[in-house]
Amino acid sequence: MTDPASPIPLVDVRALHESIRSELDAAISQVIDGGGFVGGKTVAAFESDFAAYCGTGGCVGVGNGTDALYIALLALDVGPGDEVITASHTFIATAEAIAKTGGRPVLVDVQDDTMVMDPDALSDAVTPRTKAIVPVHLYGQPCDMDAVMAVAGQHGLVVVEDGAQAHGATWGDQKVGSFGHLGCFSFFPGKNLGALGDAGAVVGDDPALLQKVRMLANHGRKEKYLHEMIGTNSRLDSLQAAVLRVKLPHLDAWNVARRHAAQRYLELLAGLDGVRLPACDPKAQHVYHLFAIRVSARDALLAGLKEDGISAGVHYPVPVHAQPAFADLGYADADLPVTAEAAATVLSLPMHPMLSDGDVERVAAAIKVRL
Ligand SMILES: *Cc1c(COP(=O)(O)O)cnc(C)c1O
């Protein structure tokens, strides 16, 4: 039972870590005793575990999710002059990674119900300069990967999935990250699978392509002092790999707990005036990294919940196309009505695997009183 006065955080990684504390401590000690801290056996073991989990032929651990996207795009030869289509309603890192290659992010609208890339908008945005598509499985909701892969196939485009919020989510019977030429993940601590610091991974099936990703992430080398291309330093370290190896076997159960909490929210908030609840495509299994409702009086509700000790969040209040960093692209006035509406109304309710039924009931009750 939750203490009715105790605060309810948006995410609670501390409770999650407490539940597996002894396993984590043992894994960390093993790395300290083993003496290998960057790359090595532990990293290779996690890479093979995570590839098997995603249903891909391989995995390359990298420094974080932003680098995963950037390096994946570089490995697929995305560069200056290339257009890369993604959704404007996403975390900045998606567009940042595209821009860092020298390519141009082409920002399209999302679907009104699922809040992920609108396949029609995607199709309309293709030009002769389009090179790649970056579908973002935002909030843990998979994009329509049948539609994305069909557009890619029709125009000969490469697909790099941004799965940073969707570890374990499925479209049909396949995990996200396994559809595109490469799939990218972040293991930032608050993600569905999180490290104790920054970490990321690129998954895929083509060994030559994964080898290129590995080289780009490690100074362009295959051998210690022979550098075949200009790369960078973005490697997964052994401590993070050890932590991730402990957590990965729990991921499915944690996602089930998230779906359970989401189901309770959906029941308790159903039919409430002024609230739009997240929808899920019947072909998708959502993993609710975030449970984002839409409310017109968003900012007032956010402030009210804060007074009740409930932390909610806004993902994201300023769409990529309206960010000052992208002013040069000339998108400020782009007509993306769903994205604009979402930025003004989305509200992420507390969501994490340790969220109790009592917490969900308290949040729902507080929303009903405040609206
Ligand atoms: C977290 C996130 C990223 C970036 O991951 P980092 O590990 O923080 O660099 C990219 N895309 C989306 C959608 C994210 O949520």
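Residues numbered from 1 in each chain as written. Predicted model: local features only at pLDDT ≥ 70, side-chain atom pairs only at ≥ 80, totals over all residues. Heavy atoms only, no water.

Participant: Explanation requested: the overall build of the protein in the structure shown.
Facilitator: Check the secondary structure of the protein and you find 13 helices and 15 strands. In summary, the protein has a C-alpha radius of gyration of 20 Å against a globular reference of 21 Å for 371 residues, a match within 12%. For the protein, the spread of C-alpha atoms along the principal axes amounts to about 65 × 55 × 35 Å. In the protein, which comprises 371 residues, the share counted as buried stands at 56%. Partitioning the contacts of the protein with sequence separation of at least 6, the portion at a separation of at least 24 is 71%. Within the structure as shown, the protein displays about 15,300 Å² of accessible surface, and the carbon and sulfur contribution to it stands at 53%. (Helix = DSSP H or I, 4+ residues; strand = E, 2+ residues; numbered from the N terminus. Rg over C-alpha atoms; globule rule 2.2 N^0.38 Å. Buried < 20%, exposed > 50% of the residue type's maximum accessible area, 1.4 Å probe, protein only. Contact = heavy atoms within 4.5 Å. Areas by Shrake-Rupley, 256 points an atom, 1.4 Å probe, with all protein chains shown as cover.)

Participant: Hey, could you run me through the side chain of Thr339 in this one?
Facilitator: Within the secondary structure, Thr339 is located in helix H12 (residues 337-345). Since its relative accessible area comes to 0%, Thr339 is described here as buried. Not counting chain neighbours up to four residues away, the residues in contact with Thr339 comprise Ser88, His89, Val108, Asp109, Val110, Pro319 and His321.

Participant: Quick question: what am I supposed to make of the site of the ligand here?
Facilitator: Surrounding the ligand, one finds 13 residues, the nearest of these being Gly65, Thr66, Asp162, Ser186 and Lys191. Note that an oxygen atom of the ligand is positioned 2.5 Å from one of the side-chain N or O atoms of Thr66. Interatomic distance of 2.8 Å between a side-chain N/O atom of Asp162 and a nitrogen atom of the ligand. When isolated, the ligand has an accessible area of 380 Å², and the protein chains bury 92% of it. Those elements that place two or more of their residues in the shell around the ligand are helix H4 (65-75) and helix H5 (92-100). For the shell around the ligand, the class distribution of residues is 4 nonpolar, 7 polar and 2 charged. (Near = heavy atom within 4 Å. Polar contact = N/O pair within 3.5 Å; in protein donor to acceptor, adjacent residues only side chain to side chain. Nonpolar A, V, L, I, M, F, W, Y, C, P; charged D, E, K, R; others polar.)

Participant: What is the right way to look at the environment of Thr170 in this model?
Facilitator: By the secondary structure assignment, Thr170 is in strand S6 (residues 170-171). Taking the relative accessible area as the measure of exposure, Thr170 reaches 13% and is therefore buried. Taking C-alpha positions, Thr170 is 9.7 Å from Cys143, a pair spaced 27 residues apart along the chain. Not counting residues within four places of it along the chain, the set of residues in contact with Thr170 comprises Pro142, Lys175, Val176, Lys283, Ala284 and Gln285.

Participant: Mind showing me how you'd approach the sheet that holds S6 here?
Facilitator: As a general point, the strands of a sheet are linked pairwise by backbone hydrogen bonds and lie either parallel or antiparallel. The 3 strands are arranged S7-S6-S13 in an open sheet whose pairing can be described as antiparallel. Since the sheet does not close on itself, it has two edges, and those belong to strand S7 (174-175) and strand S13 (284-285), each with one partner. Here S6 pairs with S13 via 2 bridges, running antiparallel. By the bridge assignment for S13, Trp171 is matched with Ala284. (Pairing = 2+ DSSP bridges.)

Participant: What is the right way to read the packing of helix H2 (residues 21-34) against helix H9 (residues 238-247) from this model?
Facilitator: Packed helices, taken two at a time, are described by their axes: the angle between them and the distance between them. Their axes nearest at 9 Å, the elements H2 and H9 cross at an angle of 150°. In this view, H2 runs roughly antiparallel relative to H9, as classed from their interaxial angle. As H2 runs across H9, the sense of the crossing is right-handed. The residues of H9 that touch H2, namely those facing Glu23, Leu24, Ala27, Ile28 and Val31, are Ser238, Leu239, Ala242, Val243 and Val246. Grouping the amino acids of the contact of H2 with H9 by side-chain chemistry returns 8 nonpolar, 1 polar and 1 charged. (Axes fitted to C-alpha atoms, helices over the stretch in contact; angles between N-to-C directions. Parallel < 35°, antiparallel > 145°, perpendicular 65-115°, else oblique. Left-handed = near helix turned anticlockwise from the far one by under 90°.)

Participant: Sorry, what's going on with unusual backbone geometry here?
Facilitator: Note on backbone geometry: most residues besides glycine have negative phi, and most peptide bonds are trans. With an omega of 10°, the peptide bond running from His315 to Tyr316 counts as cis. Not every positive phi belongs to a glycine, and Met115 is a case in point at roughly 70°. Assessed through its relative accessible area of 5%, Met115 is described here as buried. Of note in this structure, Tyr139 is not a glycine but carries a positive phi near 70°. Relative to the helices and strands, Tyr139 is located in the loop between strand S4 (130-134) and helix H7 (145-155). Tyr139 sits in the buried class, given a relative accessible area of 4%.

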